[in-house]
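Chain by chain, the residues:
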Amino acid sequence: MSGKNINVSLKIWRQDGPKTVGSFAEYKISISPDASFLEMLDEINNDLESKNQIPIAFESDCREGICGTCGLVINGQPHGPIPKIATCQLHMRNFKDGDPIWIEPFRAKAFPIIKDLVVDRSGFDEILQTGGYISINTGGVPDANAIPISKDIASLAMDAAACIGCGACVAACKNASAMLFVSAKVSQYALLPQGQPERSQRVQSMVAKMDELGFGSCTNTYACEAECPKGISVTNIARMNRDYIKASVTSNSVE
Amino acid sequence: MSWFNTFFNSSIGKKLFMGITGISLILFLKFHLINNLSLFGGPEIFNTVVKNLESIKPLVRVIEVVLALIFLIHIFNGIRLWIENKKARPVKYAVNGSSKNSTIYSRTMAQTGSIIFIFLVIHLRTFWMSFNSIGVVGIEEHKYYEFVASTFLDPIYSGFYVFAMILLGLHLNHGFQSVFQTFGWTHKKYTPIINVIGTIYSIFVAIAFASIPIYFLFIQGGK
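Worth saying up front: this structure is predicted, and the values here are computed from it rather than measured.

A. Representation of the packing of aromatic side chains within the structure. Residue and element names in this part refer to chain A. What the rule picks out here adds up to 31 aromatic pairs over all chains. With a centroid separation of 5.3 Å and an interplanar angle of 70 degrees, the aromatic rings of Phe111 and Phe124 are classed as edge-to-face. Separated by 13 residues along the polypeptide, Phe111 in the loop between strand 5 (100-104) and strand 6 (113-115) and Phe124 in helix 2 (residues 122-131) bring together distant segments of the chain. Each member of the pair, Phe111 together with Phe124, is buried. Geometrically, the ring pair formed by Phe124 and Phe181 is stacked, given 3.7 Å between the ring centres and 0 degrees between the ring planes. In this pair, Phe124 sits in helix 2 while Phe181 sits in helix 5 (residues 179-190), placing the two residues 57 residues apart along the sequence. Both residues of the pair, Phe124 and Phe181, count as buried.

Here is the structure:
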């Protein structure tokens, strides 16, 4: 165990509900550097509950960086200062004694705040519903390796599929654009033979849904890639652009 | 043509048209720069270059109209994207961490673009209008070089010119590689090369354009 407790002062966004006006509340805590960031928040909540006060609402589930549920903007950076980890994998040892820590929810028009640090990310589900599927023939279970796929392509598809849909890309983007998320989902299917039947239609409907939900447009600052806990590459956005342009220009649909 | 409307107004369509117009303007700048650099050849060479352009006036006019259209689409889409993108995040962060995840010139395309637009208006007023109204305002017959030289003797005018060119360099540095990303042309082998070429091109364009007012202000003007 590494050393003694550190004292941090936290400014945390508190907001009672979607329609109410929120503000920052200040909390101070002495915490072990071995505690995770979410454990630190749990401690604060225990303390608040013991005083009969309303605990801070924040989301988490697996707490091992694979579910994409947690997500806080810590000192202006989604998932905090350490690259390629989710908020739950961040530890207090990354902060110095006396450091001020600002904790905010993901901010985007398409991610309305539900309460405190919890935002509604169901927009991502809506995007997936418009194209995040493939056609499969009914009948017997197909043989696992019936369709040959090169290792390179399989790896690229797997890299894209590593997206946990946490929304940090939207939170990091100065335009609150969801292009990294959507492009990862488009790519994971577009790269593989199984994804070909709906390839054109998929990219068009997913992009249309993304635009309809009020996410911004990409201006290639690549902040999304820098903040993504899974290191999803912006080359996926290029692939989506390519597919979308091709689908729009070459499809027979004139509507 | 409703499919075209949908395409043009989609987030990717807007980017694409920013890219197409942007790369066209980058190509135009190259020709503009080559003509401008003939100023270093002295009055005779530059005046001949301008006179040659005068002799193909109808063609120049057509190119000017096309250029104006390209500029308008670039500016219109740029403003539209800026407004829409602001609306996508109605409540700002209290702590802005963007310096930790992106470059300043990639985040300030709207700002650098706006100042370049102001520069463009002043630039057209000074040079384009004067060159096109010989005898009406100021310029004597075929004394283009002398007009340019005297204009750049104004330190404020030249100072703003140089400032705008530095911003143009930053704007191009992001714009150049951005075009390839938007078109979907990324590749492990070629993208790093494109990025380097973009940066070298931007620095070259900025320095080459800025060298003209500096030359007239300090070297010619100092004589």
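Once you've had a look at it, read on.
B. A look at the side chain of Gln77 of chain A. Of note, Gln77 of chain A is situated in strand 4 (residues 77-78). Residue classification places Gln77 of chain A among the buried residues on the basis of a relative accessible area of 7%. One polar contact links Gln77 of chain A to Glu227 of chain A, side chain to side chain, over a distance of 3.0 Å. If near-sequence neighbours (up to four positions away) are discounted, Gln77 of chain A is found in contact with Leu72 and Glu227 of chain A together with Gly97 and Lys100 of chain B.

C. Fine view of the pairing of strand 5 of chain A. All names here are of chain A. By the bridge criterion, four bridges tie strand 1 (residues 6-14) to strand 5 in an arrangement that is parallel. Each residue of the ladder has a partner; that of Leu10, found in strand 5, is Ile101. Pairing analysis gives two bridges linking strand 3 (residues 73-74) to strand 5, with the strands arranged antiparallel. Among the inter-strand pairings, Val73 is bridged to a residue of strand 5, identified as Glu104.

D. Just the nonpolar core, in detail. Formed by 78 residues in total, the largest nonpolar core has its most connected members in Leu10, Phe37, Met92 and Phe215 of chain A. Counting residues domain by domain, this core receives three or more from each of domain 1 (6-104) and domain 2 (121-250) of chain A.

E. View of the domain arrangement of chain A. Residues and elements named next belong to chain A. Segmentation of chain A into domains returns domain 1 (6-104) and domain 2 (121-250). At the junction of the two partners, domain 1 supplies 15 residues and domain 2 supplies twelve residues. Summed over both partners, the interface of domain 1 with domain 2 comes to about 940 Å²; 49% of that surface belongs to carbon and sulfur atoms. Three residues stand out in domain 1 for area buried against domain 2, namely Gly68, Pro78 and Lys84, and they jointly supply 46% of the buried area on that side. Taken together, domain 1 and domain 2 are joined by one salt bridge. One can count five residue pairs in polar contact (both at pLDDT 80 or more) joining domain 1 with domain 2.

F. Looking closely at the interface of chain B and chain A. Taken together, the contacts link 37 residues of chain B with 49 residues of chain A. When chain B packs against chain A, close to 3400 Å² is buried across both sides, 54% of that on carbon and sulfur atoms. Viewed at the interface, chain A and chain B are joined by zero salt bridges. Where chain B packs against chain A, one counts 25 residue pairs in polar contact (both at pLDDT 80 or more).

G. Fine view of the pattern of salt bridges. All names here are of chain B. All chains considered together, the criterion is met by 14 salt bridges over all chains. Close ionic contact of Glu84 with Lys14 constitutes a salt bridge, the shortest N to O distance being 2.5 Å. Linking Glu84 in helix 4 (residues 57-87) with Lys14 in helix 2 (residues 11-37), this pair joins segments that are 70 residues apart in sequence. You can call Glu84 partly exposed: its relative accessible area is 29%.

H. Up close: empty space enclosed by the protein. Residue and element names in this part refer to chain A. Evaluation of the coordinates by the stated rule reveals three cavities of 30 Å³ or more. Put simply, the largest cavity is a space of about 110 Å³. Along the wall of the largest cavity there are 15 residues; nearest its centre are Cys173, Ser177, Cys218, Thr221 and Cys224. Counting residues per element, the ones that place at least two in the lining of the largest cavity are helix 5 and helix 7 (223-227). Class assignment for the residues of the lining of the largest cavity results in nine nonpolar, five polar and one charged. Size it by volume and the second largest cavity reaches roughly 90 Å³. Along the walls of the second largest cavity sit Cys163, Ile164, Gly165, Cys166, Gly167, Ala168, Cys169, Leu180, Phe181, Cys228, Pro229 and Ile232, which together make up its complete lining. Looking at the lining of the second largest cavity, the elements that each hand over two or more residues are helix 4 (168-172) and helix 5. Per-class residue counts for the lining of the second largest cavity are ten nonpolar, two polar and no charged.

I. View of helix 8 (residues 155-183) of chain B. Residues and elements named next belong to chain B. Taking 1.5 Å as the rise per residue, helix 8 with 29 residues should run 42 Å; its terminal C-alpha atoms sit 41 Å apart, in good agreement. For helix 8, the tally of buried residues reaches 22 of 29 residues, placing the bulk of the element in the interior. Measuring from the side-chain oxygen of the N-cap residue of helix 8 to the backbone nitrogen of Ile156 gives 3.0 Å; that N-cap residue is Asp154. One or two residues past the end of helix 8 sits Gly184, with phi positive at roughly 85 degrees.

Cut-offs applied
- Residues numbered from 1 in each chain as written.
- Chains lettered and ligands numbered in written order.
- Predicted model: local features only at pLDDT ≥ 70, side-chain atom pairs only at ≥ 80, totals over all residues.
- Heavy atoms only, no water.
- Phe/Tyr/Trp six-rings, centres within 6.5 Å; stacked < 30°, edge-to-face > 60°.
- Helix = DSSP H or I, 4+ residues; strand = E, 2+ residues; numbered from the N terminus.
- Buried < 20%, exposed > 50% of the residue type's maximum accessible area, 1.4 Å probe, protein only.
- Polar contact = N/O pair within 3.5 Å; in protein donor to acceptor, adjacent residues only side chain to side chain.
- Contact = heavy atoms within 4.5 Å.
- Pairing = 2+ DSSP bridges.
- Core = buried A, V, L, I, M, F, W, Y, C linked by side-chain atoms within 4.5 Å.
- Domains from an automatic or database assignment.
- Buried area = accessible area lost by both parts, 1.4 Å probe.
- Salt bridge = Lys/Arg side-chain N within 4 Å of Asp/Glu carboxyl O.
- 1 Å grid on protein atoms, 1.4 Å probe; cavity = no way out; pocket = protein on both sides within 12 Å on 5 of 7 lines; lining within 4 Å.
- Points joined across faces, edges and corners; volume = space filled by probe spheres on them.
- Nonpolar A, V, L, I, M, F, W, Y, C, P; charged D, E, K, R; others polar.
- Expected span 1.5 Å × (residues − 1).

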